Amino acid sequence: MELREVPHLPGRRGRGPFLAADRARLRRARPGGREGASLIQIAVCGPGDCTETERRNAREAGRLLATRGAVVLCGGYGGVMGAAAEGAREAGGLVVGVLSGADRTQAHPGLSAAVATGMGQARNAVLVGSADAVIVVGGSWGTLSELAHAMRSGTPVVQLGGWHLHDADGAPIEGPPNAATPEEALRLTGLWP
């Protein structure tokens, strides 16, 4: 397998340069300083109660990520999270759910693995902190929390529908780029052409 170095993205604290190989995107120098290759991890975040359009977009985003060899991270339940898991699994991908509860029995059946944190919504910080980029599909209060954690940490974030924030005077607040399609969302992460 041939590896080639991909330029380091600005604002990517401790995640090291990216490497590309065949179908999978690999990275070197994991957080914690150990050398070795690991798969790119992309969080797909969104509400458990979503629209049909959000469900279709999340499913397609999950499928596209799996075809590019990325591990799909999600909140591990239904709605956008479940749709992303289904799309990734159908494409042969790996999906890890970071659950808010301490019990894995409520996890979506499309997950490859479930991490039961028992942390409630604090798990949002764990989810986005484990991601190399975040794709936000739709919006809810929990989703806004995930978006905010990612923005503050410098993790690349792309919105596919969802929130539009304004200041006290009604002027739009600059935030993550908005994608019109799942394909554009993947491109806007900066990890794929």
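What you see is a predicted model, and the numbers here were worked out from it, not measured in a lab.

J.: An account of the overall build of the protein chain is needed here, citing residue identities and associated values.
T.: The helix and strand inventory of the protein chain stands at five helices and ten strands. The buried share of the protein chain, reckoned over its 193 residues, is 47%. Across the protein chain, every contact between residues at least 6 apart in sequence was considered, and the portion connecting residues at least 24 apart equals 48%. Carbon and sulfur atoms make up 53% of the accessible area of the protein chain, which totals about 9,300 Å².

J.: Provide a residue-level description of the environment of H166, including the pertinent values.
T.: Along the chain, H166 falls in the loop between β10 (157-160) and α5 (182-188). We classify H166 as partly exposed; its relative accessible area is 45%. Here H166 is in contact with A171, P172 and I173, once residues within four sequence places are set aside.

J.: Explain the environment of L144 to me, and be specific about the residues and the numbers.
T.: Mapped onto the secondary structure, L144 falls in helix α4 (residues 141-153). Relative accessible area serves as the criterion here: at 17%, L144 is assigned to the buried category. Distance in space between the C-alpha atoms of L144 and N124 is 9.9 Å, their sequence separation being 20 residues.

J.: Please set out the packing of helix α1 (residues 52-67) against helix α2 (residues 80-90) residue by residue, giving values where relevant.
T.: For the pair α1 and α2, the least separation of the axes is 7 Å and the interaxial angle reads 35 degrees. α2 is crossed by α1, and the crossing has right-handed handedness. Mapping the contact onto sequence places E54, R55, A58, R59, G62, R63 and A66 in α1 and V80, A83, A84, E86, G87, A88 and E90 in α2. Across the contact of α1 with α2, the residue classes tally to six nonpolar, two polar and six charged.

J.: Give a description of the sheet that holds strand β6 (residues 71-74) that names residues and reports values.
T.: Read across the open sheet, the six strands follow the order β8-β7-β6-β5-β9-β10; overall the sheet is parallel. Of all strands in the sheet, those with a lone pairing partner are β8 (113-116) and β10, marking the two edges. Across the sheet, the mean angle separating the axes of adjacent strands is 20 degrees when strand polarity is ignored. As defined by bridge partners, strand β5 (residues 41-45) adjoins strand β9 (residues 133-137) across four bridges and the pair is classed as parallel. The residue of β9 that forms the bridge with I42 is A133.

J.: Outline the pattern of salt bridges, listing residues and values.
T.: As enumerated under the stated definition, the model contains five salt bridges in all. With a closest N to O distance of 2.7 Å, R63 and E60 form a salt bridge. With R63 and E60 both in helix α1, this residue pair falls three residues apart, about one helical turn. Notably, a salt bridge pairs R187 with E184, separated by 3.7 Å at the nearest N-O pair.

J.: Account for the side chain of T143, naming residues and giving values.
T.: Of note, T143 is situated in helix α4. Take T143: its relative accessible area is 0%, and that puts it in the buried class. What T143 contacts, discounting residues up to four positions off in sequence, is C45, G46, P47, V136 and G138.

J.: Could you give me a rundown of the nonpolar core, with the residues and numbers involved?
T.: Counting 32 residues, the largest nonpolar core has I42, L65 and W192 as its most contacted members. A per-element tally of this core places α2 first, with six residues. Setting aside its immediate chain neighbours within four residues, I42 contacts L65, A70, V71, V72, L73, A133, I135, L191 and W192. Grouped together as the second largest cluster of nonpolar side chains are 14 residues, A43, L73, V96 and V136 included.

J.: Tell me about α2, and name the residues and values.
T.: Counting buried positions along α2 yields eight of eleven residues, so the element is predominantly enclosed. For α2, the set of buried residues is V80, M81, G82, A83, A84, A85, G87 and A88. For α2, the secondary structure elements touched by its buried residues are β5, α1, β6, β7 (95-99), α3 (123-129) and β9. Downstream of α2 by one or two residues, G92 has phi in the positive range, about 80 degrees.

Rules of the game
Residues numbered from 1 in each chain as written. Predicted model: local features only at pLDDT ≥ 70, side-chain atom pairs only at ≥ 80, totals over all residues. Heavy atoms only, no water. Helix = DSSP H or I, 4+ residues; strand = E, 2+ residues; numbered from the N terminus. Buried < 20%, exposed > 50% of the residue type's maximum accessible area, 1.4 Å probe, protein only. Contact = heavy atoms within 4.5 Å. Areas by Shrake-Rupley, 256 points an atom, 1.4 Å probe, with all protein chains shown as cover. Axes fitted to C-alpha atoms, helices over the stretch in contact; angles between N-to-C directions. Left-handed = near helix turned anticlockwise from the far one by under 90°. Nonpolar A, V, L, I, M, F, W, Y, C, P; charged D, E, K, R; others polar. Pairing = 2+ DSSP bridges. Salt bridge = Lys/Arg side-chain N within 4 Å of Asp/Glu carboxyl O. Core = buried A, V, L, I, M, F, W, Y, C linked by side-chain atoms within 4.5 Å.

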